[in-house]
Amino acid sequence: MNLVYIHGASATSDSFNYIRSKLVKGIDINYDSRNGFENNLTEIQTQLADVDNIVFVAHSLGGIYALHIANAIPKQVLGAVTLSTPYGGAEVADYAKFFLPFSRLMRDIGPSSWAMKQADKIKIQHPWTNIVTVKGQSPFMMAHNDGVVTVDSQKHHEDMELVEVDCNHYEVVLSDVVVKLIKERVNKFRK
């Protein structure tokens, strides 16, 4: 089994340092959100071309990459545990892109973006868990959110296991409760 860690937007694989210290080392994927979702997706797929028995551990936008990759190379993937992944997109981005017209990230993460529209069409073929973060509150969103994305967006794909945790969008990668949840799910792939 190969754990593949994919970080969230504008972060690095260092965001998984705590989780990796409690699990096994794996393959760290790094990407630059400024390069655009489709370009990054192609690069990540190339990095994973010869890797089998993949279990993704992904945070936020990293979970969207994991979903797209699992759909493209299903025979190489065992499953995933994603954290705070906005499967329905980041609603605020569809408005923010007008105020930040040069932000590739804002164009990539809104519900109307190519990446999110495609993610919505993907039928999940593997055991998949999204850890839904329910603590936090951004003043820019009326809906219940974790400080970055709405809880509804995290629950958008109903064809996966959804587990709520009392963390915000950033605390999730530092939580012992989350580490335990990841270990439990990863151990199922070892059987």
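These numbers come from a predicted model, not from an experiment. (Residues numbered from 1 in each chain as written. Predicted model: local features only at pLDDT ≥ 70, side-chain atom pairs only at ≥ 80, totals over all residues. Heavy atoms only, no water.)

This next bit is on the pattern of salt bridges. The full count for this structure, using the stated rule, is seven salt bridges. Between Asp-32 and Arg-34 there is a salt bridge, with its nearest N and O atoms 2.6 Å apart. Judged by relative accessible area, which is 24%, Asp-32 ranks as partly exposed. Notably, a salt bridge pairs Glu-184 with Arg-185, separated by 3.1 Å at the nearest N-O pair. Residue class for Glu-184 comes out partly exposed when judged on its relative accessible area of 34%. (Salt bridge = Lys/Arg side-chain N within 4 Å of Asp/Glu carboxyl O. Buried < 20%, exposed > 50% of the residue type's maximum accessible area, 1.4 Å probe, protein only.)

Time to look at helix α3 (residues 61-72). The end-to-end C-alpha distance of α3, which contains 12 residues, comes to 17 Å, matching closely the 16 Å that a straight helix rising 1.5 Å per residue would cover. Counting buried positions over the 12 residues of α3 gives 10, a clear majority of the element. (Helix = DSSP H or I, 4+ residues; strand = E, 2+ residues; numbered from the N terminus. Expected span 1.5 Å × (residues − 1).)

Per the counting criterion, the structure on display carries four aromatic pairs. Taking the centre distance of 4.2 Å and the plane angle of 10 degrees together, the rings of Phe-37 and Tyr-65 count as stacked. Separated by 28 residues along the polypeptide, Phe-37 in helix α2 (residues 37-47) and Tyr-65 in helix α3 bring together distant segments of the chain. Neither Phe-37 nor Tyr-65 differs from the other in exposure class; each is buried. Each member of the aromatic cluster is reached from another via a ring pair, and the members are Tyr-31, Phe-37, Tyr-65 and Trp-114. (Phe/Tyr/Trp six-rings, centres within 6.5 Å; stacked < 30°, edge-to-face > 60°.)

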